[in-house]
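Analysis of the macromolecular model
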Amino acid sequence: GTNGNTAASNHQETIESAVGWSGELEGFAIQAALGAKNGNGLASWKDGNDLNVITGSIKISQGSWTVGYHVYDNGDSYGQSTDSTKASSSGWNTAATYDMGNITLGIGYSYMEAVNGTTYNSTVAGDGESDVRSTDIFQVGVGYALGGGVSTYIQYSDYDIDDGVQTTTEVSPQVVVM
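What you see is a predicted model, and the numbers here were worked out from it, not measured in a lab.

Details of the overall build of the chain
Each helix and strand in the chain was counted, giving one helix and nine strands. Order of helices (α) and strands (β) in the chain, N terminus to C terminus: β-β-β-β-β-β-α-β-β-β. Relative to its full complement of 178 residues, the chain shows a buried share of 24%.

Right, dumping it as structure tokens:
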């Protein structure tokens, strides 16, 4: 995240914690994790918000199928406590794959959104402080294992980017990666 003040970009005295679990349940292989990062405000920014980040994920597999989900929320960690409009950042993604020997099919979707907040916009003369900027990405791909640890893939990604301002036209690319 950014806060428009490069000298104040690091939170102080951070504590990171995480917990994970994996096991089998009724024929399903399950992996889950939860993490948090907390800390004091920014040293050179007296009214900077404290760091408060949480993230979690789960992956479930059975046979050739695997599905997963990940979520994160940075809250207002990069805003200023005196902001009338709080900065925020959060998102999630999900994906599924199906293995057929050397071939793997995959599909996924991601969504992220952020609000700059009052301080960022006044510092960098940005646009509307409460505009919700969002990006969602749809992906589909095919992978092929050639053998000997060598593999190849092709993936199509369709981006939908919104800067939160109704008067602008965003570029929302479609990308093919090989």
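Digging into the environment of alanine 95
Position of alanine 95 relative to the elements: it lies in strand β5 (residues 88–100). On the basis of relative accessibility, which here comes to 39%, the residue alanine 95 falls in the partly exposed class. A C-alpha to C-alpha distance of 5.4 Å links alanine 95 and glycine 68, two positions 27 residues apart in sequence. In contact with alanine 95, not counting residues within four places along its chain, are Thr66, Val67, Gly68, Ile107 and Gly108.

Section: the pattern of salt bridges
Tallied over the entire structure, the rule returns one salt bridge. Here glutamate 16 and lysine 37 are joined by a salt bridge, their closest N and O atoms 3.7 Å apart. Residue glutamate 16 is located in strand β1 (residues 11–25), and its partner lysine 37 is located in strand β2 (residues 28–42); the two are separated by 21 residues in the primary sequence.

Some thoughts on the environment of threonine 14
Tracing the chain through its elements places threonine 14 in strand β1. A C-alpha to C-alpha distance of 6.8 Å links threonine 14 and lysine 37, two positions 23 residues apart in sequence. Setting aside residues no more than four positions away along its own chain, threonine 14 makes contact with Lys37, Asn38, Gly39 and Leu51.

Brief notes about the confidence of the model for the chain
For the chain, the average pLDDT comes to 84, and 83% of its residues sit at 70 or higher. Scored below 50 in pLDDT, residues 1–8 makes 16 contacts in the model with residues more than four places away or belonging to other chains.

Quick word on the packing of aromatic side chains
Inspection of the entire model under this criterion finds three aromatic pairs. Where tryptophan 65 meets tyrosine 98, the ring centres are 4.7 Å apart and the plane angle is 50°; that geometry is what we call tilted. Pair noted here: tryptophan 65 is in strand β4 (residues 65–75) and tyrosine 98 is in strand β5, with a separation of 33 residues, a long-range link. Owing to a relative accessible area of 28%, tyrosine 98 belongs among the partly exposed residues under this scheme. Through a chain of ring-to-ring contacts, three or more aromatic side chains come together here, namely Tyr69, Trp92 and Tyr109.

Regarding the pairing of strand β7 (residues 132–147)
Judged from the 13 bridges that link them, strand β6 (residues 103–115) and β7 form a sheet pairing that is antiparallel. Along β7, the bridge assignment pairs threonine 104 with glycine 143. Here β7 pairs with strand β8 (residues 150–162) via 13 bridges, running antiparallel. Paired with isoleucine 137 across the bridge in β8 is tyrosine 159. With antiparallel pairing between neighbouring strands as the criterion, β7 and β8 make up a hairpin whose turn holds two residues, including glycine 148 at a positive phi of roughly 65°.

Points about the pairing of β4
Each regular strand carries side chains that alternate between the two faces of the sheet. Pairing of strand β3 (residues 51–62) with β4, which is carried by nine bridges, proceeds in the antiparallel orientation. Pairing of lysine 59 across the sheet is with glycine 68, part of β4. Connecting β3 to the antiparallel partner β4 that follows it, the hairpin turn spans two residues, and glycine 63 within it adopts a positive phi of roughly 60°.

Comments concerning the environment of serine 172
Relative to the assigned elements, serine 172 resides in the loop between β8 and β9 (174–177). The residues touching serine 172, leaving out its near neighbours within four places in the chain, are Tyr159, Asp160 and Ile161.

Rules of the game
Residues numbered from 1 in each chain as written. Predicted model: local features only at pLDDT ≥ 70, side-chain atom pairs only at ≥ 80, totals over all residues. Heavy atoms only, no water. Helix = DSSP H or I, 4+ residues; strand = E, 2+ residues; numbered from the N terminus. Buried < 20%, exposed > 50% of the residue type's maximum accessible area, 1.4 Å probe, protein only. Contact = heavy atoms within 4.5 Å. Salt bridge = Lys/Arg side-chain N within 4 Å of Asp/Glu carboxyl O. pLDDT = per-residue confidence, 0-100. Phe/Tyr/Trp six-rings, centres within 6.5 Å; stacked < 30°, edge-to-face > 60°. Pairing = 2+ DSSP bridges.

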